[in-house]
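Chain and residue survey
This is what each chain is made of:
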Amino acid sequence: MEKQVKIAVLGLGVVASGLVENLNAAKEKIKQQTNLTFSIAKVLVRSRENKEEQAKKHQLTLTTDVNEILDDPTIDIVVELIGGTDAAKKWIIKALKQKKHVVTANKDLIAQFGNELTSIAKQSNVSLFYEASVAGGIPILHTLNNSFIADEITGIKGILNGTTNFMLTQMAELGLSYDKALQTAQAAGFAEANPTNDVDGWDAAYKLMILVRLAFAKDLALKDIKIVGIQSITQKDNDYAQKLGYQIKLLAQVKKIEEHLYAEVAPVLLSNTHPLAVVKNEMNGILIESKAMGTSMFYGPGAGASPTAQSVLADILAIAQNMTNKQPVPQMSVSNLPNCEIHEEVVSDYYFLLSDCTVDLANFLEKQEVKTLSLSQTDLIEAAFVAKQLTIKQKDWLIEQLQQVSHIKQILSVVEE
Ligand code: HSE
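Notes on the structure follow. Bear in mind that the values here come from a model prediction, so they are computed numbers and not experimental data.

With that settled, consider the packing of aromatic side chains. Any pair of aromatic rings gets described here by the distance separating the centres and the angle formed by the planes. Tallying each qualifying case throughout the model produces three aromatic pairs. Ring plane angle 70° and centroid distance 6.4 Å describe the contact between Phe-148 and Phe-298, whose orientation is recorded as edge-to-face. Taken together, the positions of Phe-148 in the loop between α6 (140–146) and β7 (153–159) and Phe-298 in strand β12 (residues 294–301) put the pair 150 residues apart, joining distant regions of the chain. Phe-148 sits in the buried class, given a relative accessible area of 5%. A centroid spacing of 5.2 Å and a plane angle of 10° characterise the contact between Phe-352 and Phe-385, whose relative ring orientation is stacked.

Around the ligand there are 13 residues in total, and Lys-107, Gly-162, Thr-163, Phe-190 and Glu-192 lie nearest to it. In the model, an oxygen atom of the ligand is placed 2.6 Å from a nitrogen or oxygen of the Lys-107 side chain. In the model, a nitrogen atom of the ligand is placed 2.6 Å from a nitrogen or oxygen of the Glu-192 side chain. Contact with the protein chains hides 93% of the accessible area of the ligand, taken as 250 Å² for the molecule alone. Elements represented by at least two residues in the shell around the ligand include exactly α7 (162–174) and α10 (202–216). Among the residues forming the shell around the ligand, the class breakdown is four nonpolar, four polar and five charged.

This next bit is on unusual backbone geometry. The phi torsion at Ala-135 lies on the positive side, around 60°, for a residue other than glycine. With respect to the helices, strands and loops of the structure, Ala-135 is situated in the loop between β6 (128–129) and α6. Positive phi outside glycine occurs at Ala-217, with the angle close to 50°. Mapped onto the secondary structure, Ala-217 falls in the loop between α10 and β8 (225–227).

Here the focus is the packing of α7 against helix α8 (residues 178–187). Helix-helix packing: each pair is described by the crossing angle between the helix axes and the interaxial distance. Direction vectors running N to C along α7 and α8 enclose 135°, while the axes themselves pass 9 Å from each other. One element, α7, and the other, α8, form an angle in the oblique class. In this structure, the crossing between α7 and α8 has a hand that is right-handed. Mapping the contact onto sequence places Thr-163, Phe-166, Met-167, Gln-170 and Met-171 in α7 and Tyr-178, Ala-181, Leu-182, Thr-184 and Ala-185 in α8. Residue composition of the contact of α7 with α8, by class: seven nonpolar, three polar and no charged.

Turning next to helix α14 (residues 392–403). Taking 1.5 Å per residue as the helical rise, α14 with its 12 residues ought to reach 16 Å, and the 16 Å between its terminal C-alpha atoms agrees with that figure. Packed against the buried residues of α14 are β13 (347–355), α13 (361–367), β15 (383–391) and β16 (407–415).

Think of an α-helix as 3.6 residues a turn; residues three or four steps apart then line up on the same face. Along α8, the residues that are buried comprise Ala-181, Leu-182 and Ala-185. Mapping the buried residues of α8 onto a view down its axis gives an arc of 100°, with all of them on the same face. Facing away from the buried side of α8 by more than 90 degrees, the exposed set consists of Asp-179 and Ala-187. Once α8 finishes, Gly-189 follows within two positions and takes phi at roughly 80°, a positive value.

On to the nonpolar core, then. With 77 residues, the main nonpolar core has Ile-140, Leu-144, Ile-156, Leu-208, Ile-288 and Tyr-351 as its most contacted residues. If you tally residues by element for this core, the top one is α10, at 11 residues. Ignoring sequence-local partners within four residues, the contact set of Leu-208 consists of Leu-160, Ile-225, Ala-252, Gln-253, Val-254, Ala-263, Glu-264 and Val-265. Counting residues in hydrophobic clusters, the runner-up holds 33 residues, among them Ile-7, Leu-23, Ala-26 and Val-43.

Mapped onto the elements of the fold, Ser-271 is located in strand β10 (residues 260–271). What makes Ser-271 buried here is its relative accessible area of 6%. Excluding residues within four positions of it along the chain, Ser-271 makes contact with Gly-245, Tyr-246, Ala-277, Val-415 and Glu-416.

Here the focus is the sheet that holds strand β1 (residues 3–10). Overall, parallel pairing links the six strands, which are arranged β3-β2-β1-β4-β5-β6 in an open sheet. Of all the strands in the sheet, the pair left with one neighbour each is β3 (62–63) and β6. One ladder, built from four bridges, connects strand β4 (residues 77–80) with strand β5 (residues 101–104); its direction is parallel. Paired with Val-79 across the bridge in β5 is Val-103. Along the sheet face, helix α1 (residues 14–34) touches β1, β2 (36–44) and β4 and points at about 160° away from the line of β2.

Analysis parameters
Residues numbered from 1 in each chain as written. Predicted model: local features only at pLDDT ≥ 70, side-chain atom pairs only at ≥ 80, totals over all residues. Heavy atoms only, no water. Phe/Tyr/Trp six-rings, centres within 6.5 Å; stacked < 30°, edge-to-face > 60°. Helix = DSSP H or I, 4+ residues; strand = E, 2+ residues; numbered from the N terminus. Buried < 20%, exposed > 50% of the residue type's maximum accessible area, 1.4 Å probe, protein only. Near = heavy atom within 4 Å. Polar contact = N/O pair within 3.5 Å; in protein donor to acceptor, adjacent residues only side chain to side chain. Areas by Shrake-Rupley, 256 points an atom, 1.4 Å probe, with all protein chains shown as cover. Nonpolar A, V, L, I, M, F, W, Y, C, P; charged D, E, K, R; others polar. Axes fitted to C-alpha atoms, helices over the stretch in contact; angles between N-to-C directions. Parallel < 35°, antiparallel > 145°, perpendicular 65-115°, else oblique. Left-handed = near helix turned anticlockwise from the far one by under 90°. Contact = heavy atoms within 4.5 Å. Expected span 1.5 Å × (residues − 1). Arc of directions from axis to C-beta. Core = buried A, V, L, I, M, F, W, Y, C linked by side-chain atoms within 4.5 Å. Pairing = 2+ DSSP bridges.

Listed below in structure tokens is the structure:
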């Protein structure tokens, strides 16, 4: 028997507009395959200005009063696409308490309050799904929640921010300036309303927190993650990285070392032979290391209206199918998770860029018994090299030595495999 599902959307920005388009395009196929018919009952907008034409085209009923949605007993699913953590949190809690299922793409909110919101959803016996909050169109949360349930994950490495990956690719391959690359990412709709979240690494950190929750059943706080953005990356770093056989990527990673986690978001030099090196522009890539599977990689568009909207739509469909099959309501993560114990990273390779160098660096490093992977010294003035397998103590010691004979312009971790 055909079932009608009524949804309401909070917001009509980039992703919400993509959702309206994708839902309209897929309506017939969804109906044939699932016997479900979806209607968008209401859309919350801040102001009707500039939205009337879009509303007319898709026959949307706009409202500026959220309670017209939250207090409407006929609405089954609320889709939150306004972003931010204040109003979004308040309205999601109210929707859950009114026994409405909720779908959101809001990573800031789920990263910081996902545990609390999941508990409320459980108490109300409704679903809270947020696939689109991590890695845009890649169904990574569903995969962690289902396919890896019987496996033990030991590490995750991910390119999780489309904006910075787009910027770094454009800077390296087309020689675009940092500002021009950011403007292009903003125009394409990849960047956050406040792009500081992208370039400072916060967006990737929020996504990492969500992945950690599903992969390790631990609740990370932002302060548990070492976060470094991409602002210090220059064209010179890109040139040297290329000469030495690397690409610069903003990498989010978490490793389980004994019972402790080490989590970091930072620009790194990624070897050209690393599987994540193929992840360019706004694409995202995630490597999962696990005991039974070994290494698996997930790749796809990490930002943009249509891919992100498609993840939102998949959540809506999953909820609607559970509603009609009268299945127990699943959640995307367990609640009341313990905080995690943090471990300091121990050994890593490091890239150094030096200027005003007064020595022959190859000789100097050999005398200091520093193992190097590659060295590029154009003259005695400027040099870049990768030092192998340094502990934090050895790195600090090397910095002191180098400061006596040069000016250190950049230090980045290097990821080989
Ligand atoms: N600003 C985000 C990004 C959007 O660039 O990845 C998708 O989460």
